[in-house]
Amino acid sequence: MFSNGSSTENCGVCEQNSEMGFYLLSMWICLSCERKMVELNVEDPSYTWYIERLRGSKMNNRMLLH
């Protein structure tokens, strides 16, 4: 896990500011969203929502479409 120091970044999934998180390609993901996605079951109704949020990044969009 990476910390962005004392500044905050806007999470590409939940859109909340967070000091703790990491970049997945070009998208900052907070630790809370990372934990939710790791524990999420494919049959969960919110699974599609998380996938769509990840596709929101231009670089991630290229990777997920293949």
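Residues numbered from 1 in each chain as written. Predicted model: local features only at pLDDT ≥ 70, side-chain atom pairs only at ≥ 80, totals over all residues. Heavy atoms only, no water.

### Comments concerning the packing of aromatic side chains
When we look at a pair of aromatic rings, we describe it by the centre distance and by the angle of the planes. Considering all chains together, one arrives at two aromatic pairs under this definition. Relative to Trp28, the ring of Tyr23 lies with its centre 5.1 Å away and its plane at 70°, an arrangement referred to as edge-to-face. On the numbers, 5.0 Å between centres and 85° between planes, the contact of Trp49 with Tyr50 is edge-to-face. Residue Trp49 is classed as partly exposed on the basis of its relative accessible area, which comes to 42%. A relative accessible area of 11% means that Tyr50 is categorised as buried. (Phe/Tyr/Trp six-rings, centres within 6.5 Å; stacked < 30°, edge-to-face > 60°. Buried < 20%, exposed > 50% of the residue type's maximum accessible area, 1.4 Å probe, protein only.)

### Some words on the pattern of salt bridges
Evaluation of the coordinates by the stated rule reveals three salt bridges. Between Glu15 and Arg53 there is a salt bridge, with its nearest N and O atoms 2.6 Å apart. Of the two residues, Glu15 sits in the loop between β2 (9-10) and β3 (17-18) while Arg53 sits in helix α2 (residues 47-54), which places them 38 residues apart along the sequence. (Salt bridge = Lys/Arg side-chain N within 4 Å of Asp/Glu carboxyl O. Helix = DSSP H or I, 4+ residues; strand = E, 2+ residues; numbered from the N terminus.)

### Re the confidence of the model for the chain
Summary statistics for the chain give a mean pLDDT of 84 and a share of 76% for residues scoring 70 or more. Across the chain, β3 holds the top mean pLDDT of 96, while helix α3 (residues 58-64) sits lowest at 58. (pLDDT = per-residue confidence, 0-100.)

### Let's talk about unusual backbone geometry
Residue Glu15 is not a glycine yet carries a positive backbone phi of 65°. Even without being glycine, Leu25 reaches a positive phi, approximately 55°. You can see Leu25 is positioned in the loop between β4 (20-24) and β5 (27-30).

### Let's talk about the side chain of Ser18
Locating Ser18 in the fold gives a position in strand β3. Accessibility expressed as a relative area gives 14% for Ser18, which makes it buried. Within polar-contact distance, the side chain of Ser18 engages the backbone oxygen of Met20 at 2.7 Å. The residues contacting Ser18, other than those within four sequence positions of it, are Ser7, Thr8, Glu9, Trp28 and Cys30. (Polar contact = N/O pair within 3.5 Å; in protein donor to acceptor, adjacent residues only side chain to side chain. Contact = heavy atoms within 4.5 Å.)

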